[in-house]
Amino acid sequence: MSGRTPRRTLWFRTLIAIAACGAAVGGLAAYRTLSDDTTERPVTMEEASRLALSRLNLYQASPVAVTLTATEGGGVVLRVKGVVDYRTHRAVGSYQVTGSTGASGSSSSSGAAGPAAGQLDHGLVVWDTGGLGLAPAPEGDNSPPWQQAEHIPRSGWSARSYTTDPLDAGLQLLIGLGADRPDNPLLLAQSGARWLERDRIDGRSYDRFAGPRAQGATPSAGSDGERSPLTYWVDGDGGLRRVTMRMPGLGTPTTVEFSGREGGAKLPEAPWVTG
């Protein structure tokens, strides 16, 4: 992959830019008190600080385990499981594409008639700020994807710049979520971030936030069409658990799940070695 950042649409660049806010976390007591309502509303300054701090927390926890799920229409689902190192802005994972295999495809284990959902493709993926690379997974190797990737030479990776398809947009968003320094949470609050609801994931409580709006968007009281396409799930300590991104023309948003630090992961050098 080249180190050059590809040309992006103004819409996507604006999303990343105004998502890049950070600040010190507010007190847990304020978190419990101010979010105990059920009506969508603008974020408080304490909530804006936690939402902004989540990016720094990702950076400090690197490398972090991630799962990305994207749909491309027609029942095709792409899933990437791997790790992201926000200190180097590099990531590696395994990918799997599933979807309808048709009448002549693999049979369903349930024996039901009709098209079966089967694996259409799989392999390894590496990505950074400039693009991504794909490679076949080594046969019979069940080790983590970062270890499998170590056995593939630089020439074995098929590299390209990002496109506008759901998988590429999700990978590009994912690599830009971490940051090594906080920004002003006031900017995030003034840009239209909203508190949506309190959710529980794996027994832990999270606030769900609509991200800041793109520049020039009309202020909204809650219509999905006027919200940011980005939604964040953040805990009381500023920990980021989930991010979703709505894509034009697709009913199912692209979803990124964070499952904590992957301390034993070591990203391969081969895809980025020059010379």
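Structure's up top.
Rules of the game
Residues numbered from 1 in each chain as written. Predicted model: local features only at pLDDT ≥ 70, side-chain atom pairs only at ≥ 80, totals over all residues. Heavy atoms only, no water. Helix = DSSP H or I, 4+ residues; strand = E, 2+ residues; numbered from the N terminus. Buried < 20%, exposed > 50% of the residue type's maximum accessible area, 1.4 Å probe, protein only. Core = buried A, V, L, I, M, F, W, Y, C linked by side-chain atoms within 4.5 Å. Salt bridge = Lys/Arg side-chain N within 4 Å of Asp/Glu carboxyl O. Pairing = 2+ DSSP bridges.

**Observations concerning the overall build of the chain**
Moving on, step 1. When its secondary structure is counted, the chain shows six helices and 12 strands.
Moving on, step 2. Each of the 275 residues in the chain was classed as buried or not, and the buried ones make up 48%.

**Focus on the nonpolar core**
Moving on, step 1. Counting residues in hydrophobic clusters, the biggest one holds 41 residues, and the most contacted among them are V84, Y86, W127, L174, L177 and F258.
Moving on, step 2. Per-element tally for this core: the top contributor is helix α5 (residues 166–175), with six residues.
Moving on, step 3. Counting 12 residues, the second largest nonpolar core, distinct from the first, contains V83, W146, A149 and W157.

**Thoughts on the pattern of salt bridges**
Moving on, step 1. This model, assessed by the stated rule, comprises 16 salt bridges.
Moving on, step 2. When the shortest N-O distance is used, the salt bridge between E46 and R50 registers 2.7 Å. Placement of the pair is E46 and R50 together in helix α3 (residues 45–61), with a separation of four residues, close to one helical turn. Residue E46 shares its accessibility class with R50, and that shared class is buried.
Moving on, step 3. Notably, a salt bridge pairs E197 with R208, separated by 2.3 Å at the nearest N-O pair. Placement of E197 in strand β8 (residues 194–201) and of R208 in strand β9 (residues 204–210) is noted, with a sequence separation of 11 residues between them.
Moving on, step 4. A single network of salt bridges, built from pairs that share partners, joins E46, R50, R198 and D207.

**Concerning unusual backbone geometry**
Moving on, step 1. Following S62, the chain continues into P63 via a peptide bond in cis, with omega recorded as 0°.
Moving on, step 2. Relative to the assigned elements, P63 resides in the loop between α3 and β2 (64–71).
Moving on, step 3. Even without being a glycine, H89 presents a positive backbone phi close to 55°.
Moving on, step 4. Looking at the element boundaries, H89 is found in the loop between β3 (77–85) and β4 (90–100).
Moving on, step 5. Exposure remark for H89: the relative accessible area of 32% places this residue in the partly exposed category.

**A look at the pairing of β9**
Moving on, step 1. Here β9 lies mainly inside the structure; six of its seven residues are buried.
Moving on, step 2. With seven bridges connecting them, β8 and β9 associate as antiparallel partners. Its bridge partner lying in β9, I201 is registered against R204.
Moving on, step 3. Taken together, β8 and the strand that follows it, β9, pair antiparallel across an intervening segment of two residues, in which D202 is found at a positive phi of about 50°.
Moving on, step 4. With four bridges connecting them, β9 and strand β10 (residues 230–234) associate as antiparallel partners. Each bridged residue has a counterpart across the sheet, and for F209 the counterpart in β10 is Y232.

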